[in-house]
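Architecture at a glance
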Amino acid sequence: MHHGESSPVLKLNSILSLGEGYLPNAVCYGEGRILGCDARNRIFSLDGSGNLQVLLSGEGYSRYRFRQPVAMHWSGSLLLVADWHNHRIVVYDNDIRYRGEFGALTVNSSGLFPLLATRFRSIFASHEYILNHEGPEIRTEKQQDRLSKRISRVIYYALLRKVLAKRAPFFKPNGISIDADRMFITQKKRRTLQLYAIHHIHGELEFELLSEISGVGHQGFGRLGNCTYKAGRLFVCDEGNSKIWIFSRDGNYLDSIDLSNSFPAFCCSLIDTNTLAIGGGSNLALYYLVQSRMVLVDSCLAGVHGMDFAADTARLYVCCRDDGTVRIYDAAREH
């Protein structure tokens, strides 16, 4: 921020209600529309008037099905969706056409165990087996006995452990951000931050793991929320430690924001080089980086779970999962 320039403030512009049954997990802005995902396995878009269009919908394991998408990022040409219970990132183009996926159960590296895990996943996709939070359960028209369920769970986790032992991509990705040819992923359960290089080879996307970070110094990460990369800095929300960690593009530690006297942050988005919007629980705030000062914008929201600031509209888009709304704030300058 230049000398004499005022700090931005947020003013509520509108509240867009998604309708009954919507539990929005994340939003991003691109191509003149708001894109979002919800806990009911839908990818949707909203225009400025709040007109909703469902782009993809359904629970499953195929290219256009999800098992609780929790985060998304619009890169200008690609839409990336973090598919929580399928342990993968799914990539689409501007027209929401499938471009590829990357995750613990896809074959992005050669070897017997990734192949077997993928084959086992294909059994799930045929609707003979369906995963849940605890592992696969069998749901066929003919009810299977408990032994079959137990065997399927043991086989699945044995294969998954083998994949993870080979520096697997991730397990339940919780946040995602992109800068050109670099991808950043947070994992709430494994409490790690991963940095990937994105390669375009013969029209196909390939991802190369560059590094994995599990903490700073002697302090390990807690439960990680979302992350965002802008203006040369990567901001990582750490709910468990009530911090926001700041890294360089190469994963070098730069600084941290202590939120122990305010509220744990689940998501954030950079408004300008000095101003970070922070959300979590019922709270939305602005944090001025140079002054190390926080200003609470609203403390009565219903489950802030995702946000994105769009520079071309000068607006912050915030999704509130508990009341099924997307709130739009104008970033104005104080006079």
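Residues numbered from 1 in each chain as written. Predicted model: local features only at pLDDT ≥ 70, side-chain atom pairs only at ≥ 80, totals over all residues. Heavy atoms only, no water.

1. Thoughts on the overall build of the protein
Along the backbone of the protein there are two helices and 28 strands. Every one of the 335 residues in the protein was classed for burial, and the buried ones make up 52%. By sequence separation, contacts in the protein at least 24 residues apart represent 44% of the contacts at least 6 residues apart. Surface accessibility of the protein: about 15200 Å² in total, with carbon and sulfur atoms responsible for 46%. (Helix = DSSP H or I, 4+ residues; strand = E, 2+ residues; numbered from the N terminus. Buried < 20%, exposed > 50% of the residue type's maximum accessible area, 1.4 Å probe, protein only. Contact = heavy atoms within 4.5 Å. Areas by Shrake-Rupley, 256 points an atom, 1.4 Å probe, with all protein chains shown as cover.)

2. Overview of the sheet that holds strand 18 (residues 224-230)
In spatial order, the strands read 18-19-20-21; together these four strands make up an open sheet with antiparallel pairing. Every interior strand has two partners, whereas the edge strands, strand 18 and strand 21 (253-258), have only one. Mean inter-strand twist for the sheet, computed between neighbouring axes without regard to direction, equals 20°. In the sheet, strand 18 pairs with strand 19 (residues 233-238) via five bridges, with the strands oriented antiparallel. Paired with T228 across the strands is F235, a residue of strand 19. (Pairing = 2+ DSSP bridges. Axes fitted to C-alpha atoms, helices over the stretch in contact; angles between N-to-C directions.)

3. A few points about the sheet that holds strand 27 (residues 315-320)
The antiparallel open sheet is built from four strands, whose spatial order is 1-28-27-26. Each end of this open sheet is capped by a strand with a single partner; those strands are strand 1 (8-17) and strand 26 (304-310). If you compare each strand with its neighbour and ignore which way they point, the axes differ by 25° on average. In the sheet, strand 26 pairs with strand 27 via six bridges, with the strands oriented antiparallel. Its bridge partner being in strand 27, G306 is matched across the sheet by C319.

4. Thoughts on unusual backbone geometry
The backbone of H87 shows a phi angle near 55°, a positive value even though the residue is not glycine. Here H87 is to be found in the loop between strand 7 (79-83) and strand 8 (88-92). Judged by relative accessible area, which is 4%, H87 ranks as buried. Despite not being glycine, A231 has its phi angle at roughly 55°, a positive value. Checked against the element boundaries, A231 lands in the loop between strand 18 and strand 19.

5. Overview of the environment of Y92
Its location among the elements puts Y92 in strand 8. As a C-alpha pair, Y92 and L78 span 14 residues in sequence and 5.7 Å in three-dimensional space. Among all residues touching Y92, those that are not within four sequence positions of it are L56, R63, Y64, F66, S77, L78, L79, V81, R97, Y98 and R99.

6. Considerations on the pattern of salt bridges
Following the criterion strictly, the structure yields 12 salt bridges and no others. Note that R97 is salt-bridged to D93, the shortest N-O span being 2.8 Å. The class for R97 is partly exposed, based on a relative accessible area of 48%. Overall, D93 belongs to the buried group, its relative accessible area being 11%. Taken together, the salt bridges that share partners define one network made up of D83, R88 and E101. (Salt bridge = Lys/Arg side-chain N within 4 Å of Asp/Glu carboxyl O.)

7. Some thoughts on the environment of A314
Tracing the chain through its elements places A314 in the loop between strand 26 and strand 27. Taking the C-alpha atoms as reference points, A314 and D330, separated by 16 residues in sequence, lie 6.2 Å from one another.

8. Details of the packing of aromatic side chains
Enumeration according to the criterion identifies 13 aromatic pairs in this entry. Between the aromatic rings of Y64 and Y98, the centroid separation amounts to 6.4 Å while the plane-to-plane angle is 65°, which identifies the pairing as edge-to-face. Of the two residues, Y64 sits in the loop between strand 5 (52-57) and strand 6 (69-74) while Y98 sits in strand 9 (residues 98-103), which places them 34 residues apart along the sequence. A network of ring pairs unites the aromatic residues Y64, F66, Y92 and Y98 as a single cluster. The ring of W245 has K243 lying over it, and the distance from NZ or CZ to the ring centre is 5.6 Å. (Phe/Tyr/Trp six-rings, centres within 6.5 Å; stacked < 30°, edge-to-face > 60°. Lys NZ or Arg CZ within 6 Å of the ring centre and 35° of its normal.)

9. Here we look at the confidence of the model for the protein
Per-residue pLDDT for the protein has a mean of 82; in total, 78% of the residues score no lower than 70. Across residues 105-111, confidence stays below pLDDT 50; counting only partners more than four residues off in sequence or on other chains, it has 16 contacts. Here residues 124-145 is modelled with pLDDT under 50, and outside its nearest four sequence neighbours on either side it reaches 49 contacts, counting other chains as well. (pLDDT = per-residue confidence, 0-100.)

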